[in-house]
Amino acid sequence: MFGKYSKVVYGTAAAAGTLGLVYLVGRDTSPAVKPFPDIKSKHSLVAKHVTLDKWTKLSSVQTATSGFTLEQAIACAVQFDNQHCGIYAGDADSYKDFALVFDPLIQEYHGIDANAKHTSDMDVSKIRGTINPAAPVHSTRIRVGRSFNGFGLSPGITKEQRLELENLLKNALEALGGELSGNYYPLLGMDEKVRQQLVDDHFLFVSGDRNLIAAGMERDWPEGRGIYHNKDKTFLVWVNEEDQTRIISMQKGGDVKEVFSRLAGGIEAVGKSVKDASGKEFLIDPKYGYVHSCPTNLGTGMRASVHIDLPGWTKEGAGKLEERCEQLNLQPEVRGERVADRQG
């Protein structure tokens, strides 16, 4: 059955002396519903919250900022069978356009209700105590993710947006002063000596993560990506990795308050420098907080970790270590990444 007619074609058979014939050529202009996907991660939050009814309503929707779709958002849960969450947002629009999926999923994961309001407190004076000096801690690291309005998030950002954002951030970061002053190093065309030093410092993020590839975050690699760090290598910013920015404070030892203080000051300085240069601000939602590509990071978007020697557990193996850490609500990492494959 045709929808709205796209054109009308009139034909005649004058030579035969017959009456003109009218042919109506039409097309169905209603959006086509894509076939319901086979979600391999059967126990994921995607499998629970992406129902046939929601898929029928949302599968043809494209976001305004980057043209992102629900099909792209759930690619990890469709391709892999080990996802817990399994969904990414391609831009801030995704959280609104696909709210039928995102809202209940976020509320279940974070344990909040539909009327929740985000609060964030970066008051350094409220930090009490620090890590026991006797603990075998080599270093302390605290990071947050932050995104800016007007650009897609890593899964959906266009090439043009990524390059524009990188240029904006390069200039804004290199305008920082004092303790935060440093240099930006683009991944594209990076000098080999610089690259090797960043590898030795364990600063360099690399390609190859299958979740990030499936989610579309490694398109046009390594163009539009880079790393900024200050002279003391205690303040870093990753540009256009999983999030538009990862702002990181780190140093040797276990002085959590000093690391947090630098982070809080760094976040404020980066936000101000970008706003002064472009008028753009951090993306923040009144309900869910700071906007990230992965809904599990919504909120303050903060992660704190320590580099620690655990020789006994190392001998037991990664499986035993993960099992024990799960009991303590911790995640074991090796050189900054989880022992197990990253799971969305």
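Before reading further, recall that the structure is shown in the block above.
Everything numeric in this text was worked out from a predicted model, so none of it was measured.

A. Spotlight on the nonpolar core. One finds F148, L173, F235, I247 and V270 to be the most contacted residues of the largest nonpolar core, which totals 28 residues. At the level of secondary structure, the elements contributing two or more residues to this core comprise β3 (137–146), α7 (159–173), β6 (235–239) and α10 (256–278). A per-element tally of this core places α10 first, with seven residues. Residues in contact with L173, not counting those within four places in the same chain, are Y228, V237, V239 and V270. Counting residues in each nonpolar core, the second largest holds 25 residues, with A73, I87, L105 and L283 among its members.

B. Main features of the state of the cysteines. Scanning the entire structure with this criterion turns up zero disulfides. In this structure C85 is not part of a disulfide, and its nearest cysteine sulfur, from C294, lies 5.3 Å away. Residue classification places C85 among the buried residues on the basis of a relative accessible area of 1%. On the basis of relative accessibility, which here comes to 4%, the residue C294 falls in the buried class.

C. Quick look at the side chain of T63. Its location among the elements puts T63 in the loop between α2 (52–58) and α3 (70–73). In terms of polar contacts, T63 uses its side chain to reach the side chain of D91, at 2.6 Å. Excluding residues that lie within four positions of it along the chain, T63 makes contacts with F68, D91, D93, S94, D97 and F98.

D. Just the side chain of Q161, in detail. With respect to the helices, strands and loops of the structure, Q161 is situated in helix α7. Polar side-chain contacts of Q161 include one of 3.1 Å to the backbone nitrogen of G152. Setting aside anything within four residues of it in sequence, one finds Q161 in contact with T65, S66, G150, F151 and G152.

E. Region of the structure containing the environment of R141. Along the polypeptide, R141 turns up in strand β3. You can call R141 partly exposed: its relative accessible area is 21%. Spatially, the C-alpha atoms of R141 and G254 are 9.1 Å apart, while their sequence positions differ by 113 residues. Setting aside chain neighbours within four positions, we find R141 in contact with W238, I248, S249, M250, R303, A304 and S305.

F. Broad picture of the sheet that holds β6. Pairing in this open sheet of six strands is antiparallel, and the strands run β4-β5-β6-β7-β3-β10 from one edge to the other. If you trace the sheet from one side to the other, it starts and ends with β4 (182–186) and β10 (302–308), each paired once. On average, each strand axis in the sheet is inclined to that of its neighbour by 20°, with strand direction left out of account. Strand direction decides the pairing type here: β3 and β10, joined by seven bridges, are antiparallel. By the bridge assignment for β10, V137 is matched with I308. α7 rests against β4, β5 (226–230), β6 and β7 (245–252) of the sheet, and its axis sits at about 165° to β6.

G. Representation of the packing of aromatic side chains in the model. The full count for this structure, using the stated rule, is six aromatic pairs. Between F282 and Y290 the ring centres are 6.3 Å apart and the planes differ by 85°, which places this aromatic pair in the edge-to-face class. Each of the two residues, F282 as well as Y290, counts as buried. Joined through ring pairs, the aromatic side chains of F148, F282 and Y290 make up one cluster. When the ring centre of Y290 is taken as reference, the NZ or CZ atom of R146 above it lies at 3.6 Å. When the ring centre of F80 is taken as reference, the NZ or CZ atom of R210 above it lies at 4.0 Å.

H. Broad picture of helix α6 (residues 99–110). Its twelve residues give α6 an end-to-end C-alpha distance of 15 Å, which sits within 8% of 16 Å, the value for a rise of 1.5 Å per residue. Taken together, the buried positions of α6 are occupied by V101, F102, L105, I106 and Q107. Residues of α6 that are buried sit in contact with α1 (45–49), α2, α3 and α5 (92–97). G111 sits one or two positions beyond α6 and adopts a positive phi of about 70°.

I. Summary view of α10. The first and last C-alpha atoms of α10 sit 33 Å apart over 23 residues, in line with the 33 Å expected at 1.5 Å per residue. Where α10 is concerned, the buried positions are V259, F260, R262, L263, A264, G266, I267, V270, G271, S273 and V274. Trailing α10 by a residue or two, G279 shows a phi angle of about 85°, which is positive.

J. Structural context of the pattern of salt bridges. Applying the stated criterion to the full structure yields 17 salt bridges. By sharing partners, the salt bridges in this structure join E179, E258 and R262 into a single network.

Rules of the game
- Residues numbered from 1 in each chain as written.
- Predicted model: local features only at pLDDT ≥ 70, side-chain atom pairs only at ≥ 80, totals over all residues.
- Heavy atoms only, no water.
- Core = buried A, V, L, I, M, F, W, Y, C linked by side-chain atoms within 4.5 Å.
- Buried < 20%, exposed > 50% of the residue type's maximum accessible area, 1.4 Å probe, protein only.
- Helix = DSSP H or I, 4+ residues; strand = E, 2+ residues; numbered from the N terminus.
- Contact = heavy atoms within 4.5 Å.
- Disulfide = S-S within 2.5 Å.
- Polar contact = N/O pair within 3.5 Å; in protein donor to acceptor, adjacent residues only side chain to side chain.
- Pairing = 2+ DSSP bridges.
- Axes fitted to C-alpha atoms, helices over the stretch in contact; angles between N-to-C directions.
- Phe/Tyr/Trp six-rings, centres within 6.5 Å; stacked < 30°, edge-to-face > 60°.
- Lys NZ or Arg CZ within 6 Å of the ring centre and 35° of its normal.
- Expected span 1.5 Å × (residues − 1).
- Salt bridge = Lys/Arg side-chain N within 4 Å of Asp/Glu carboxyl O.

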